[in-house]
Amino acid sequence: MTRARYITGYSDPMSVAPGGSIHFYVSAEGVTQYRADIVRLIHGDLNPAGPGFKEKVVQTSVSNNYPARRQNTYPGSCIVIHEKAALAALSSFTLQAFIWPTTPQKGRQVILGRWAAKQRSGFALIIDETGAAALLLGDGRRVETISSGLALREREWAFVAATYNTDSGNAQVFQETLEDHVVLKGRATAERLTRVKPRMVNRAPFTISAGFSHTDDQRSVFCYHYNGKIDRPRLAGDVLDSSTQISFQKHRPQPEQENIALAWWDFSENMATTTITDRSINQINGETVHLPTRAMTGHNWTGHTLRAEDAPEEYGAIHFHDDDLYDSGWNISFTLDLPDRFRSGVYAARLKAGEIEDYIPFFVRPKPGRPTARLAYLAETATYMAYANFNVLHAPETEPWVSRLLIVYPDNLLAYQHDEWGKSLYESHSDGSGISVSSRLRPITNMRPKNNSPFGLHGSSLREFCADTHLIDWLDYKGYACDVITDEDLDNEGVELLRPYAAVMTGTHPEYTSTHMWDALKAYTDQGGRLMYMGGNGFYWRIAYNQECPGAIEMRRAGGSRTWITEPGEGFQSIDGEPAGVWRDVGRAPQRLVGTGIVTMGFDIASYFKRLDESHDRRVAFAFEGIGADERIGEFGLIGGGAAGLEFDRAEPHYGTPPHALVVARSENHTESYLLLLEEMGAMIPNIHAPENPLIHADMVFYETPKGGAVFSFSSQCWCGSLSHNGYNNNVSRMTSNVLTRFLDPAAFDV
Amino acid sequence: MIKYNLAELTAEFEANPIGHHSPALRHLLQKLRSSPTKGKFVLVCTKPYREWVLATLTGSRKNPVKLNKRYVFNDLLEAERFVFRRRLKAFTRLEEDQ
Ligand SMILES: [Fe+2]
């Protein structure tokens, strides 16, 4: 297939209040100009069996034609040392580090040095084309590589060093594995007299884990990205003998080393930040670019502790990836300055160029402390970021998993053609290590209206953003006034953001939750707030928002049912030092927050709910007004033909469902596509499919919380897909209305 | 080695390609669907909710699918049946060889 014509982009921020500004960054290929308009998004589902696509153009100053151009993205993390004075005098030198390479055979990779690729100038300790440690020297005309000649082994720690004597022209390389495999050679040296005197190019900085290529529109572009971990990189302005090199491997410099070291970088300092600390007296500090993974186990990790804070000297490593991405760094294409009064809601910048179009969704929230409705919808922007460009079609197990043919959609193809826009938190980096950082400062091809997913259900194959528009549409159709707020706003502002609202509704898949978000939601329901959990698989993974790099989140798959697994000892978040993974593992199962937590997922069809005895308790009578005792609830719907499906949750007192919670309805009759969640079995059990396993059902739960608050959990990702059935006149719509009306009513609950 | 009653399982699948299946059909489907990525049948959606073209995965990220425009479907269940028959043919040939 040829490279597709496209138009796409991202916004910053993603959530904006009236009176504020939001910038849009657009890139296009194969078109010369495009038309942009701001639209309010109502219903994003194209399924002809449903209400169809609904948007409303909003008159703003954005509406116009714009010239289209391609904007480049340069992924790959590294460290840049901005200091130039202390390094300018460098002539003879020693470079050394411990490394754990993950792709030693991928070609030239810079470990550390000052290499200007375009000018063929400078020096660097590298992995060469044969996978061996080598010293690279260039004087602008000639390039010389002194190689150890011994290939480094993948995912095995090695000590590597290079020295250069400017007076004699003597160059040396040393490489030694930390694993003695007896029959395999583990140590190699090379020495040569060279006439290539490294020449420095002024604008090329000293770098770690990449070389310098050029500048594009004031952005530094790097090359020869290294994949893997680097621990304790050192630089000296002299040729160090081997015993001095060994003394330089210590965590902290002694006074005698301080005098020789030019830079003694300690990656275990400031692990939550982009700052790289030099412990030598020169303080040649640096800065990470594109968020490499910090708080990684070093060459000397013992396993006595699993947490970096407890033994920083064992966590001196950073894992760099050639596809890490924080900020795409594009130029602003246009800006929307919101007037002081602007309706809160879900919006998008609609871009059109002939047949080609795209939507860049964003959220207009109310001004802080100035709610405009009694109901708030919490847009699950953390989930949208976690699933950004989710693309796992190429894994052989994908089709058995979805239990039907894989369907490839245009956004999948676009994302595949643009690996530079980064992948989702479900996938792995190019070196096979799991992706633990996601950013919204890049195109997210699946966070779009009209989007379908290979991982949806038969029918409307919707997930996340597009699935949430089923709820937006229902609120609009029913005429409920509603403010829109986002996960990121909640992380920033905490419970104060929620407090003004009588009721808060989640989206269909609020899976990713930061500690601030969790605390805020719990405080809200504990202080009289009323929460409607409109989806499934909610509040499952812990994340942390990066305060220094707005728009980035961190998540590590330590525990839980997962598509990749953190390496031993790397199960704590670098941003806040908190245990990473699923909330249940830190005593905060979703059942403690909303009464139910995920038990299964499946990808073929959905089913329905039936009332349980507890639904006849007068405490919850409000929810079942107009619903028959034996009625099947939601035996219809756009997503999979039912209200119970995709990913859904069950109540479990052992995990934290409150003792007074009423389990009012339960789903049944699920297909064999629905498998038991990993955490639900201690050891392997044979009955993991829905038809054989009695735990696999969705539970609808209601309970009162302190000070007149309450929680109602529909507990299924398909619930909202059933709302519009039969002209919005159906038992799913009725129940949702019943609960919402009661939750907006200030009257105390009858306990 | 499990003995499949292929005529029965085919009838069961054709009647209901997506949804509840008997344990024997589930077992067979696991085999049919577990083929390696390269050359695996997929559908490419060319008109939302209306048109799907048969394709195979190439195994490359840059150009992940190869379209086979001779097979265009307007019904997803028909596409399921078509691929099932194709895979079953290959599967029985393999079984006979062994
Ligand atoms: Fe999920």
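Above this text sits the structure in question.
So, here's what we can say about the structure. The residue numbers shown here count from 1 along each chain, following its written sequence. The lettering of chains begins at A and the numbering of ligands begins at 1, in the order of writing. With the structure being a predicted model, the display of local features is reserved for residues of pLDDT at least 70 and the display and counting of side-chain atom pairs for 80 or more, all residues being used for whole-chain, interface and lining totals. Calculated side-chain values reflect all of the structure's heavy atoms, with hydrogen atoms and water omitted.

### Structural notes on helix 2 (residues 23-33) of chain B
Link 1 in the chain: Burial classes follow relative accessibility: with a 1.4 Å probe on protein chains only, a residue under 20% of its type's maximum area counts as buried, one over 50% as exposed, and anything between as partly exposed. For helices the rule is a DSSP run of H or I covering at least 4 residues; for strands it is a run of E covering at least 2, with both sets numbered from the N terminus onward. Listing the buried residues of helix 2 of chain B in full gives Leu25, Arg26, Leu28, Leu29, Leu32 and Arg33 of chain B. All buried residues of helix 2 of chain B project into a common sector of 165° when viewed along the axis, lining one side.
Link 2 in the chain: Two residues form a contact once any of their heavy atoms are found within 4.5 Å. In this structure, the buried residues of helix 2 of chain B make contact with helix 5 (398-402) of chain A together with helix 1 (6-15) and helix 3 (76-97) of chain B. Each direction from the helix axis to a C-beta atom contributes to the arc, which is the arc of those directions.

### Overview of the coordination of the iron ion
Residue and element names in this part refer to chain A.
Link 1 in the chain: Water is not among the atoms examined, so metal sites may look incomplete; donors are the N, O and S atoms within 2.8 Å of the metal, or within 3.2 Å for Na, K and Ca. Listed as protein donors to the iron ion are Tyr387 (OH), His509 (NE2), Glu511 (OE), Asn537 (OD1) and Glu647 (OE); their distances from the metal cover 2.1 to 2.7 Å.
Link 2 in the chain: Motif for the iron ion, donor spacing along one chain: Y-x121-H-x1-E-x25-N-x109-E. With Asn537 in the loop between strand 34 (530-533) and strand 35 (541-545) and Glu647 in strand 40 (residues 647-651), this pair connects stretches of sequence that are 110 residues apart. As far as burial versus exposure is concerned, Asn537 and Glu647 are alike and both buried.

### With respect to a nonpolar patch on the surface
All names here are of chain A.
Link 1 in the chain: A grouping of Val182, Val183 and Leu184 is seen on the molecular surface, where their side chains present a nonpolar patch of about 340 Å² in accessible area.
Link 2 in the chain: With respect to the helices and strands, the residue Val183 is situated in the loop between strand 14 (170-177) and strand 15 (187-193).
Link 3 in the chain: On the basis of relative accessibility, which here comes to 74%, the residue Val183 falls in the exposed class. Candidate patch residues must exceed 30% relative accessible area and have no salt bridge, after which like charges are joined if within 9 Å and Val, Leu, Ile, Met, Phe, Trp or Tyr side chains if within 5 Å. Surface exposure here means Shrake-Rupley accessible area, sampled with a 1.4 Å probe, where a residue is shielded only by the protein chains that are shown. The salt bridge criterion pairs a side-chain nitrogen of Lys or Arg with a carboxyl oxygen of Asp or Glu, the two atoms within 4 Å.

### Quick notes on unusual backbone geometry
Residue and element names in this part refer to chain A.
Link 1 in the chain: Asp12 connects to Pro13 through a cis peptide bond whose omega is 0°.
Link 2 in the chain: Tracing the chain through its elements places Pro13 in the loop between strand 1 (6-12) and strand 2 (15-16).
Link 3 in the chain: Positive phi, close to 60°, is recorded for Val182, a residue that is not glycine.
Link 4 in the chain: Using a relative accessible area of 73% as the deciding quantity, one classes Val182 as exposed.

### Things to note about the nonpolar core
Nonpolar side chains in soluble globular proteins tend to end up buried together.
Residues and elements named next belong to chain A.
Link 1 in the chain: Ranked by internal contacts, the top residues of the largest apolar core, which has 133 residues, are Phe712, Trp719, Met735 and Phe743.
Link 2 in the chain: Among the elements that line this core, the one with the most residues is helix 7 (residues 464-478), at seven residues.
Link 3 in the chain: For Met735, the contacting residues outside a window of four places in its chain are Ala623, Phe624, Ile627, Ile633, Met700, Phe712, Phe714 and Trp719.
Link 4 in the chain: Counting residues in each nonpolar core, the second largest holds 39 residues, with Leu135, Tyr164, Leu262 and Phe320 among its members. Residue types Ala, Val, Leu, Ile, Met, Phe, Trp, Tyr and Cys, when buried and joined through side-chain atoms within 4.5 Å, form a set referred to as a nonpolar core.

### A few points about the sheet that holds strand 1 of chain A
All names here are of chain A.
Link 1 in the chain: Whether two strands pair depends on DSSP finding at least two bridges between them. Read across the open sheet, the three strands follow the order 1-3-25; overall the sheet is antiparallel. Edge positions in the open sheet fall to strand 1 and strand 25 (334-337), since each of these has one partner strand only. If you compare each strand with its neighbour and ignore which way they point, the axes differ by 25° on average.
Link 2 in the chain: Here strand 3 (residues 21-29) runs beside strand 25; their pairing, made up of four bridges, is antiparallel. Bridge pairing links Phe24 to Phe334 in strand 25. Throughout, an axis means a line fitted to C-alpha atoms (over the contacting stretch in the case of helices), and angles, computed between N-to-C directions, take values from 0 to 180 degrees.

### Describing a positive patch on the surface
Residues and elements named next belong to chain B.
Link 1 in the chain: Together, Arg70, Arg86, Lys89 and Arg93 make up a positively charged patch on the protein surface.
Link 2 in the chain: With three residues, the single largest contributor to the positive patch is helix 3.
Link 3 in the chain: Turning to its location among the elements, Lys89 is positioned in helix 3.
Link 4 in the chain: Given a relative accessible area of 56%, Lys89 falls into the exposed group. In this tally, Lys and Arg are treated as positive and Asp and Glu as negative; His is ignored, and so are the chain termini. The atom standing in for a charge is NZ when the residue is Lys, CZ when it is Arg, CG when it is Asp and CD when it is Glu.

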